[in-house]
Amino acid sequence: MTSSAYRLENCRIATMRPGTVPYGLISDAALVVRDGVIAWIGQSVDVPDQFASLPVTDLNGALVTPGLIDCHTHLVYGGDRASEFELRLNGASYEEVAKAGGGILSTVTATRASDEAALLEQSLPRLDALIADGCTSIEIKSGYGLTIEDEIRMLRVARELEKTRDVTIKTSWLAAHALPPEYKGRADDYIDEVCIPGLCRADEEGLVDAVDGFCEGIGFTKVQMERVFSTAQDLGLPVKLHAEQLSDLGGAAMAASYNALSADHLEYLGPDGVTAMASAGTVAVLLPGAFYTLRETKLPPMEALRDAGVDMAIASDCNPGSSPVTSVLLMLNMACTLFRMTPEEALAGLTRNAAKALGLNDRGMLDVGFRADLAVWSVDLPAALSYRIGFNPLIARYVEGRPC
């Protein structure tokens with residue numbers, strides 16, 4: 001945390017506070033930072049006398065938003081799957097790709113073969129790309145080790161990444177991601193022998209902030225996930241769930257019954273799941289990168305989520321198979337073009353609602369008492385962040401008040 005105090009002037013601020021003003025926008029604005037948090041925010045003409053003598057940074061009319069938050073990534077992994085991508089585009093079937101060594105198990109093999117130093121080296125460029133897009137907080141999941149030791153190692157790397165860069169990293173235990181070949185036909189044993197004891201150990205080592213799983217026909221059942229979530233509950237850890245991506249198994253409603261922070265993907269989410277999420281305050285995390293890469297055609301139930309008042313976040317889902325994405329700015333555009341979100345909804349999805357999806361109540365909006373995690377952009381309107389494709393107008397990033 002910085003102990004300095006200063007004032008940002010000559011800017012427009014998209015506070016992202018909910019209300020009647022789009023984006024919570026303040027024109028001709030100023031913002032005072034003290035001890036890493038926002039001490040005052042408003043129009044420049046109203047700056048209190050007590051802050052008049054502070055050092056001033058003139059932002060030359062730039063737009064200031066909360067630092068962006070990527071609330072769903074699988075950023076730590078070994079290898080890549082570019083060859084698999086090429087095979088698929090040349091007409092290979094899923095089975096043929098698998099026989100050629102592709103699919104999630106190829107990433108598991110590469111991750112298991114990589115030590116912590118190698119995983120760190122491979123993950124840093126992905127992290128740096130997200131930071132360059134204005135991210136100040138990023139979630140990272142395990143899920144490509146599928147043994148206790150390898151899952152733990154992934155989370156250690158995630159913690160180490162936070163030490164190397166000015167960024168907050170939140171970790172999620174995702175051992176219930178896929179069934180490794182050594183447990184073929186024994187999913188319950190895998191839950192009992194790897195997922196649950198590994199979670200307990202990760203918690204003892206201070207490596208886990210939340211617990212996730214993949215509830216799907218090719219993943220794990222609701223009953224199996226409930227056993228993992230019950231353990232998380234006993235440990236005092238919040239839960240989230242990959243749910244209703246390929247079918248409606250009721251995973252989102254089950255997760256909501258555990259007061260889940262979020263349910264993610266949700267293309268096949270039904271009315272019962274929407275109602276349960278709304279009642280629990282569970283955030284819908286939408287992942288346009290996976291929707292695009294998999295050439296999905298079924299949209300999440302956008303109107304139902306809006307009508308129920310379910311907060312919607314968006315995220316990169318950075319992973320080597322279904323969403324090899326390291327640009328949250330691209331996700332803003334895809335959320336608008338593919339999911340028909342408004343630019344304001346999309347930006348709220350990378351700020352205010354993404355913070356809620358990670359249980360971070362001190363960021364995601366710009367207001368007095370919030371962390372001074374800021375992104376400064378050379379654009380005239382907030383909508384420009386969603387409008388342009390392949391263009392990065394980031395000028396500066398502040399993490400807990402530090403320019404970095």
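First things first, this report covers the structure right here in the doc. (Residues numbered from 1 in each chain as written. Predicted model: local features only at pLDDT ≥ 70, side-chain atom pairs only at ≥ 80, totals over all residues. Heavy atoms only, no water.)

### Comments concerning the packing of aromatic side chains
Turning to step 1, where the next piece is worked out: Taken as a whole and assessed by the stated rule, the structure comprises 6 aromatic pairs.
Turning to step 2, where the next piece is worked out: Note on F229 and Y258: the rings are 5.7 Å apart at their centroids and 70° apart in plane angle, and the pair reads as edge-to-face. With F229 in helix α7 (residues 222-235) and Y258 in the loop between α8 (251-257) and β11 (262-265), the pair connects residues that are 29 residues apart, well separated along the chain.
Turning to step 3, where the next piece is worked out: Every member of this aromatic cluster is reached through a ring pair, and the members are Y183, Y190 and F220.
Turning to step 4, where the next piece is worked out: The ring of Y268 has K298 sitting right over it, with the charged end atom 5.4 Å from the ring centre. (Phe/Tyr/Trp six-rings, centres within 6.5 Å; stacked < 30°, edge-to-face > 60°. Helix = DSSP H or I, 4+ residues; strand = E, 2+ residues; numbered from the N terminus. Lys NZ or Arg CZ within 6 Å of the ring centre and 35° of its normal.)

### Re the sheet that holds strand β8 (residues 210-211)
Turning to step 1, where the next piece is worked out: Here we have 4 strands laid out as an open sheet, ordered β5-β6-β7-β8, and parallel in their pairing. With one partner strand each, in any of the chains shown, β5 (68-70) and β8 form the two edges of the open sheet.
Turning to step 2, where the next piece is worked out: The sheet contact formed by β5 and strand β6 (residues 135-141) spans 3 bridges and is parallel. Paired with D70 across the strands is I138, a residue of β6. (Pairing = 2+ DSSP bridges.)

### Description of the side chain of D133
Turning to step 1, where the next piece is worked out: When you line up the elements, D133 lands in the loop between α4 (116-132) and β6.
Turning to step 2, where the next piece is worked out: Buried and without a salt bridge, D133 has R397 as its closest oppositely charged side chain, separated by 10 Å.
Turning to step 3, where the next piece is worked out: If sequence neighbours within four positions are ignored, D133 has contacts with L68, T326, S327, V328, L329, W377, N392 and L394. (Buried < 20%, exposed > 50% of the residue type's maximum accessible area, 1.4 Å probe, protein only. Lys, Arg positive; Asp, Glu negative; His and termini not counted. Salt bridge = Lys/Arg side-chain N within 4 Å of Asp/Glu carboxyl O. Contact = heavy atoms within 4.5 Å.)

### Here's the deal with the pairing of strand β12 (residues 283-286)
Turning to step 1, where the next piece is worked out: Burial along β12 is two-sided: V283 and V285 facing one way and A284 and L286 facing the other are all buried.
Turning to step 2, where the next piece is worked out: Pairing between β11 and β12: 3 bridges, direction parallel. By the bridge assignment for β12, A263 is matched with A284.
Turning to step 3, where the next piece is worked out: Note on the crossover from β11 through helix α9 (residues 271-280) to β12: the handedness is right-handed.
Turning to step 4, where the next piece is worked out: Bridge analysis of β12 against strand β13 (residues 312-314) gives 3 bridges, and the strand direction is parallel. Its bridge partner being in β13, A284 is matched across the sheet by M312. (Right-handed = clockwise from strand over helix to strand, strands pointing away.)

### Points about unusual backbone geometry
With the exception of glycine, the majority of residues adopt a negative phi angle, and the majority of peptide bonds are in the trans configuration.
Turning to step 1, where the next piece is worked out: Positive phi, close to 45°, is recorded for D28, a residue that is not glycine.
Turning to step 2, where the next piece is worked out: Relative to the helices and strands, D28 resides in strand β2 (residues 25-34).
Turning to step 3, where the next piece is worked out: Judged by its relative accessible area of 58%, D28 is exposed.
Turning to step 4, where the next piece is worked out: Despite not being glycine, N60 has its phi angle at roughly 55°, a positive value.

### A short note on the sheet that holds strand β14 (residues 374-377)
Turning to step 1, where the next piece is worked out: Overall, mixed pairing links the 7 strands, which are arranged β3-β2-β1-β4-β14-β15-β16 in an open sheet. With partners counted over all chains shown, the strands left at the sheet margins are β3 (37-43) and β16 (402-403), one partner each.
Turning to step 2, where the next piece is worked out: Bridge analysis of strand β1 (residues 5-14) against strand β4 (residues 56-66) gives 6 bridges, and the strand direction is parallel. What sits directly across from R12, in β4, is L63.

### Digging into the pattern of salt bridges
Turning to step 1, where the next piece is worked out: Following the criterion strictly, the structure yields 28 salt bridges and no others.
Turning to step 2, where the next piece is worked out: In this structure, R112 and E182 form a salt bridge, with 2.9 Å as the shortest nitrogen-oxygen distance. Remark: E182 occurs in the loop between β7 (168-173) and α6 (187-204) and R112 occurs in helix α3 (residues 104-112); sequence separation between them is 70 residues.
Turning to step 3, where the next piece is worked out: Classification of R112 by relative accessible area gives partly exposed; the value is 28%.
Turning to step 4, where the next piece is worked out: Using a relative accessible area of 38% as the deciding quantity, one classes E182 as partly exposed.
Turning to step 5, where the next piece is worked out: Each of E116, E149, R156, R201 and E205 takes part in a single network of salt bridges with overlapping partners.

### Some details on the state of the cysteines
Turning to step 1, where the next piece is worked out: In the structure shown here, the tally under the stated rule is 0 disulfides.
Turning to step 2, where the next piece is worked out: Sulfur of C11: no disulfide; nearest cysteine sulfur belongs to C404 and is 17 Å away.
Turning to step 3, where the next piece is worked out: Overall, the relative accessible area of 3% leaves C11 in the buried class.
Turning to step 4, where the next piece is worked out: Cysteine C215 is unpaired, with the sulfur of C195 as its nearest cysteine sulfur at 13 Å.
Turning to step 5, where the next piece is worked out: Since its relative accessible area comes to 0%, C215 is described here as buried. (Disulfide = S-S within 2.5 Å.)

### Brief notes about the environment of G145
Turning to step 1, where the next piece is worked out: Locating G145 in the fold gives a position in the loop between β6 and α5 (148-164).
Turning to step 2, where the next piece is worked out: Considered as a pair, G145 and R81 are 64 residues apart in the sequence and their alpha carbons are 16 Å apart.
Turning to step 3, where the next piece is worked out: When residues no more than four places from it in sequence are discounted, the contact partners of G145 are V108, R112, D150, E151 and M154.

### Considering the packing of α5 against α6
Turning to step 1, where the next piece is worked out: α6 packs onto α5 with a crossing angle of 40° between their chain directions and a minimal axis gap of 9 Å. Here α6 runs oblique to α5, going by the angle between their axes. The way α5 lies across α6 gives a crossing that is right-handed. In this structure, α5 uses I148, E149, I152, L155 and R156 to contact α6, whose residues at the interface are E193, V194, P197, G198, R201 and A202. (Axes fitted to C-alpha atoms, helices over the stretch in contact; angles between N-to-C directions. Parallel < 35°, antiparallel > 145°, perpendicular 65-115°, else oblique. Left-handed = near helix turned anticlockwise from the far one by under 90°.)

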